[in-house]
Amino acid sequence: MAVSVGLIAQTIEKIAPKSWAEDWDNVGLLVGDSARRVERIILTLDATHEVVEEAKERKAQLILAHHPIMFKPLKNLRSDNLQAQIPIQLLKAEIGYYAAHTNLDQSIYSSSWTIGNSLGLERMEVLAAFVNEDRGYGVIGYLPASEPLESVVNKVKKYFETLRIQIGIEKQVNAFRVAGKPGKKIRKIAIVNGSGGSFIPKALFKGADLLITGDVDHHEALDAKEAGMAVLDIGHYTSEIPMIKTLADYLKTEKNLSDLEIMISCNMHSPWD
Ligand SMILES: [Zn+2]
């Protein structure tokens, strides 16, 4: 028994409708045929050569990724064009590619919500509304009681280490960066998966004691620290791993996909590792 790519797409779009994606984004089925019936899919953050090789070895017929390919329109399909190499490999291997990006970022299956839940945050709400009042980027919520910054950082580290082992990723998470006063009491936490430096003003406005995100630059971290908010930069890659697991778990519980083998790539890693 197999499942059509179209049905897999519909199931994902139930929790992350394509209409939620930004105009500049490139989401949905990007390579392949929605009528094709497949037995095995593999989830990943990025389409690297390693992941495509893994998909071939594990006989996956569809890659379900967070980051899109062909972000900029391709003008050719030459093998010396870096941007064309992955689409060419996928076509040769008859592997489809589906991306859920800014639409997934705004769903409750995003990493922001997953990390918030893992920290036991209470009264969680969307940090920056975008699609509507209740849907947007990031979350903000409260720890049950105040804790020193170091203890929150340790909890986050532990969570990611457990997740890495669960998924079967070999490489350990690289060092987190913390900007904040040692011992600072943390109660209200904002979380934005991906590159969240631009959400610092929003997190400050909403009274966060700490922002957990990735890709924060020098000036952004400095501004936050000066304004009295701590920042924990866990890296773009690390911050987005949780939603791959959450999405896989969701797909596994969907009855109409029960014939589908759902795998997670063991070859996801940050370009800095
Ligand atoms: Zn990202």
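Quick caveat: nothing in here was measured; it's all calculated off a predicted structure.

**Q** Whenever I open this one, the packing of helix α6 (residues 149–167) against helix α9 (residues 236–253) confuses me. Can you help?
**A** Put simply, α6 and α9 touch, their axes get as near as 11 Å, and they point 50 degrees apart. Relative to α9, α6 is oriented oblique. Along this stretch, α6 crosses α9, giving a crossing that reads as left-handed. Across the interface between the two elements, F160, L163, Q166 and I167 from α6 touch T238, I241, P242 and K245 from α9. Residue composition of the contact of α6 with α9, grouped by class: five nonpolar, two polar and one charged.

**Q** Even after reading the chapter, I still don't get the domain arrangement of the protein, so can you show me in this structure?
**A** Quoted interface sizes are often the accessible area lost when the parts come together. Each domain of the protein was delimited in the assignment, giving domain 1 (3–104) and domain 2 (106–240). In this structure, domain 1 and domain 2 have C-alpha centres spaced 28 Å apart. At the junction of the two partners, domain 1 supplies eight residues and domain 2 supplies eight residues. Tallying contributions element by element places helix α4 (residues 102–105) first for the side of domain 1 that touches domain 2, with three residues. Its residues placed into classes, the side of domain 1 that touches domain 2 shows five nonpolar, three polar and no charged.

**Q** In this structure, what is going on with the sheet that holds strand β6 (residues 96–99)? I would like to understand it.
**A** Sheet strands associate in pairs through backbone hydrogen bonding, adopting either a parallel or an antiparallel arrangement. The sheet built from five strands is open, its strands ordered β2-β6-β5-β4-β13 with mixed pairing. This sheet does not close on itself; its edge strands, each paired only once, are β2 (28–31) and β13 (261–264). Neighbouring strand axes in the sheet, compared pairwise and without regard to direction, differ in orientation by 25 degrees on average. Sheet strands in contact with helix α1 (residues 5–15) are β2, β4 (40–44), β5 (62–65) and β6, and its direction is about 140 degrees off that of β2. Across the face of the sheet, α9 comes into contact with β4 and β13 while running at roughly 170 degrees to β13.

Calculation notes
- Per-chain numbering applies: the sequence of each chain, read as written, is numbered from 1 onward.
- Note on the predicted model: pLDDT of at least 70 is required for a residue's local features to be given, and 80 or more for side-chain atom pairs to be given and counted; whole-chain, interface and lining totals, by contrast, use all residues.
- Every axis in this analysis is a line fitted to C-alpha atoms, fitted for helices over the stretch in contact. Angles between the N-to-C directions lie between 0 and 180 degrees.
- The numbering of helices and of strands both runs from the N terminus, where a helix is a DSSP run of H or I of at least 4 residues and a strand a run of E of at least 2.
- Angular relationships are summarised with four words: roughly parallel below 35 degrees, roughly antiparallel beyond 145, roughly perpendicular across 65 to 115, and oblique for the angles in between.
- In this scheme the handedness of a crossing depends on how the near helix is turned from the far one: anticlockwise by less than a right angle means left-handed, clockwise means right-handed.
- Each residue is represented by a C-beta atom placed from its backbone, and any two residues with such atoms within 7 Å are regarded as in contact.
- Three categories are distinguished: nonpolar for Ala, Val, Leu, Ile, Met, Phe, Trp, Tyr, Cys and Pro, charged for Asp, Glu, Lys and Arg, and polar for the others, with Gly belonging to the last.
- Domain limits in this description derive from either an automatic procedure or a database domain assignment.
- At least two bridges found by DSSP between two strands is the condition for calling them paired.

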